[in-house]
Amino acid sequence: MLGKYDIIVVGGGHAGAEAAAAAANLGSNVLLITMNLTAIAEMSCNPAMGGVAKGQIVREIDALGGYSGIITDKTMIQFRMLNKSKGPAMWSPRAQSDRWLFSKEWRLELEKIPNLDFREDMVIRILTKDGRVIGVETSMGLEIFAGAVILTNGTFLNGIIYVGEKSFGGGRIGDKPSVGLTENLNSMGFESARLKTGTPVRIDGRSIDYSRLEEQKGDQVPGKFSFIDTPKLENQKSCWVAYTNKKVHDLLRTGFDRSPMFIGRIKGTGPRYCPSIEDKIDRFSHKDRHQLFVEPEGWDTVEVYLNGFSSSLPEDIQCKALVLIEGFENARIFRPGYAIEYDYFPPTQLKYTMETRLVEHLYFAGQINGTTGYEEAAAQGIMAGINANRKLNGLSDFILSRSDAYIGVLIDDLITKGVDEPYRMFTSRAEYRILLRQDNADLRLTPKGYEIGLASKERMMRVEDKRNRIDRLIEFIKKKSTLPEEINKYLTDRGTDKIKEKQKISNILLRPQVEIGGLIEAIPGFNEFLRKRNEFDKEVIEEAEIQLKYDRYISKEREVANKLSKMEDLKLPENFDYHKLPALSYEAREKLNRLQPNTIGHASRISGVSPADISVLLVYLGR
């Protein structure tokens, strides 16, 4: 007999794992219900974490006290910092992971949490009373009661898998779909729609001729995601780059008349920024080739993931096209690519806490909200877990703003703009990306995580120590000067003007051609100071350089953010009837009534709410 829980988390993917861990670590008694306990946080698509903007999210989750960064560090087989040729606001960590080890480590970490229980079952109905959730009903006929429920169903809600003209139910290949829950939520008044995603063939790596591919090695000095002491990557596996060609494209086109996407069997919208190979050659017909990434699935397996070759075409077409790629002439596949169509619930039905507007104490997180990607799902999961725990304990909402974190950008975009295609995070979505860098996620968010009780005291002490060391190094660089005879050779080698008299190191560091590593080597006093103090590691030196080099830009962006936040945080009344304000446009009244924004900032980002409408609201608020 199962007792009553504080929180039930439905779904064991990336969102569910982070939600369950956060809520349980904050003290809630949590039950995680998933249809397959051997697939906790499974990497259903590519075996990688991070990437452009996504890497920032993983580091933010870690800074708050989540697990995604820790698990990635324990299981990665390659690490690369993307966009290093650009400014630090664009630097994005990415890791290839061992797919099986990743899922195993997640489960082991979750099992260490004493007040977290597990059950392998399917939830078919949400139990409510007086507009408030009270538990769930499972396919085994059990009614399990709880104070809050977090739904993280991924692509499983009425999931249908397509391979050419074949289709069958499934949340991913080999797993059955979740049936009944969408209809139950619809009957309660929730709106749902359909989206589509896909995955490529998995290939036997022994059948690939790697000598004909471009090798893509990891960073010479690999980094990591977590800010705590996780294992350093000593050895790395290479990825490889291949290309399609005109013959491949022509062969793929012969299967278009059997493609579920082109003949209209799939109704859901697919991801704009990760299209299938058939979609790419249709939309970009002028291109003779497309880049493909050959990614190993783990340390000890020959299975390979062909990133960029996602397809729902018939299996025979996929196989015939695959062997026309250079290096793949003898390729054997483990399983074909497929598309999956599934239900999601437009996230405009949520509050900033991830709680639904319609049913109190019911939370949605992950792909159920129309997002795509492990990182976006995990971010929503940790926020839902935190807020479910806090609401049950009578504590204030935990909300991150757009100037606090990429997680804040993600949730604000979902709540205010909704989605009509799978949402993916990019650095371009963040207007404060100079503030929201991957390198300072701990400085930004660990104090917040510590304040709510999720980040440990040890983690907080590490951040305070790091901040103090950065400040000491910055102080030295601002005070220390260098002479022409010490620095001019380095400056000439870097293609920048010599100095004629003594100058502060901080002034020279502002030059775009100059890097702190070169200054350390060139200036004897600088090198001696670092060696003598022995407290400035690579992370501290890099952070000090960024803060000094980009101080003017960082200060300006923070000033803008502070000004806007004064308006951003102006509260709007709850459950207000905006039809009472006839000066608002008709569209604004309709959307404001439906979405019920809680602040002026939220209202300003709703599509159809104009600056004139915001002025009306400010007048109403007495501003």
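Basis of the calculations
- Residues numbered from 1 in each chain as written.
- Predicted model: local features only at pLDDT ≥ 70, side-chain atom pairs only at ≥ 80, totals over all residues.
- Heavy atoms only, no water.
- Axes fitted to C-alpha atoms, helices over the stretch in contact; angles between N-to-C directions.
- Helix = DSSP H or I, 4+ residues; strand = E, 2+ residues; numbered from the N terminus.
- Parallel < 35°, antiparallel > 145°, perpendicular 65-115°, else oblique.
- Contact = heavy atoms within 4.5 Å.
- Nonpolar A, V, L, I, M, F, W, Y, C, P; charged D, E, K, R; others polar.
- Phe/Tyr/Trp six-rings, centres within 6.5 Å; stacked < 30°, edge-to-face > 60°.
- Buried < 20%, exposed > 50% of the residue type's maximum accessible area, 1.4 Å probe, protein only.
- 1 Å grid on protein atoms, 1.4 Å probe; cavity = no way out; pocket = protein on both sides within 12 Å on 5 of 7 lines; lining within 4 Å.
- Points joined across faces, edges and corners; volume = space filled by probe spheres on them.
- Domains from an automatic or database assignment.
- Salt bridge = Lys/Arg side-chain N within 4 Å of Asp/Glu carboxyl O.
- Core = buried A, V, L, I, M, F, W, Y, C linked by side-chain atoms within 4.5 Å.

## Describing the packing of helix α2 (residues 54-64) against helix α3 (residues 68-75)
Packing of α2 against α3 brings their axes to within 7 Å, and their N-to-C directions diverge by 115°. Judged on the interaxial angle alone, α3 and α2 are roughly perpendicular. Where α2 abuts α3, its residues Val58, Ile61 and Asp62 lie against Ser68, Gly69 and Ile70. For the contact of α2 with α3, the residue count by class is 3 nonpolar, 2 polar and 1 charged.

## Concerning the packing of aromatic side chains
For the structure shown, the criterion picks out 12 aromatic pairs. Here Tyr210 and Trp240 contribute two aromatic rings whose centre-to-centre distance is 5.1 Å and whose plane-to-plane angle is 45°, an arrangement assigned as tilted. Note that Tyr210 is positioned in the loop between β12 (193-204) and β13 (214-216) and Trp240 in strand β14 (residues 239-243), a separation of 30 residues in sequence. Using a relative accessible area of 26% as the deciding quantity, one classes Tyr210 as partly exposed. Judged by relative accessible area, which is 18%, Trp240 ranks as buried. Where Phe345 meets Phe364, the ring centres are 5.5 Å apart and the plane angle is 55°; that geometry is what we call tilted. With Phe345 in the loop between β18 (338-344) and β19 (362-364) and Phe364 in strand β19, this residue pair connects regions lying 19 residues apart in the sequence. A single burial state applies to Phe345 and to Phe364, both of which are buried.

## Quick word on unusual backbone geometry
The phi dihedral of Ala53 is positive, around 70°, even though this residue is not glycine. By secondary structure assignment, the location of Ala53 is in the loop between β3 (48-50) and α2. At His361, a position not held by glycine, the phi torsion is positive, near 70°. Locating His361 in the fold gives a position in the loop between β18 and β19. For His361, a relative accessible area of 3% gives the class buried.

## Details of the packing of helix α6 (residues 246-253) against helix α8 (residues 315-322)
When two helices pack together, you describe them by how their axes are tilted relative to each other and by the distance separating the axes. Close contact between α6 and α8 brings their axes to 9 Å; oriented N to C, the two are set at 170°. As judged from the angle between their axes, α6 and α8 are roughly antiparallel. Residue-level inspection shows Val248, Leu251 and Leu252 of α6 in contact with α8, the latter providing Ile317, Lys320 and Ala321. Of the residues in the contact of α6 with α8, the class split is 5 nonpolar, no polar and 1 charged.

## Quick look at empty space enclosed by the protein
The final tally for this structure, using the stated rule, is 1 cavity of 30 Å³ or more. As a volume, the largest cavity reaches approximately 30 Å³. Around the largest cavity, the lining residues are Tyr352, Met383, Phe398, Ile399, Leu400, Gly408 and Ile411.

## Structural notes on the environment of Glu42
Among the structural elements, Glu42 can be located in the loop between β2 (30-34) and β3. When the C-alpha positions of Glu42 and Gly12 are compared, they lie 8.4 Å apart, and in sequence the two are 30 residues distant. Sequence-distant contacts of Glu42, defined by excluding residues within four places in its chain, comprise His14, Ser103, Arg172 and Tyr374.

## Observations concerning the domain arrangement of the protein chain
Here the protein chain is described as being made up of domain 1 (202-337), domain 2 (457-554) and domain 3 (570-621). A separation of 46 Å is found between the C-alpha centroids of domain 1 and domain 3.

## Some words on the pattern of salt bridges
When the charged atoms of two side chains with opposite charge come close together, those side chains can pair. What the rule picks out here adds up to 47 salt bridges. Note that Arg459 and Asp62 form a salt bridge whose closest N and O atoms lie 2.9 Å from each other. Residue Arg459 is found in helix α12 (residues 457-479), and its partner Asp62 is found in helix α2; the two are separated by 397 residues along the sequence. Across this residue pair, the class does not change: Arg459 and Asp62 are buried. Its salt-bridge partner being Arg494, residue Glu515 comes within 3.9 Å of it at the nearest N-O pair. A residue pair is termed long-range when its members are at least 10 positions apart, and Glu515 in the loop between α14 (505-509) and α15 (516-522) and Arg494 in the loop between α13 (484-493) and β21 (503-504) qualify at 21 residues. One salt-bridge network, held together by shared partners, links Arg402, Asp412, Asp413, Lys417, Glu431 and Arg605.

## Focus on helix α11 (residues 441-451)
The set of residues buried in α11 consists of Ala441, Asp442, Leu443, Arg444, Leu445, Thr446 and Gly449. Looking one or two residues past α11, Gly453 carries a phi angle of roughly 95°, positive in sign.

## Notes on the nonpolar core
In terms of nonpolar packing, the biggest core is built from 104 residues, with Ile8, Ile126, Leu151, Leu362 and Ile407 touching the most fellow members. By residue number, the principal contributor to this core is helix α9 (residues 374-392), which donates 9 residues. Core analysis: the second largest hydrophobic core is formed by 27 residues, Val463, Ile508, Ile523 and Val540 among them.

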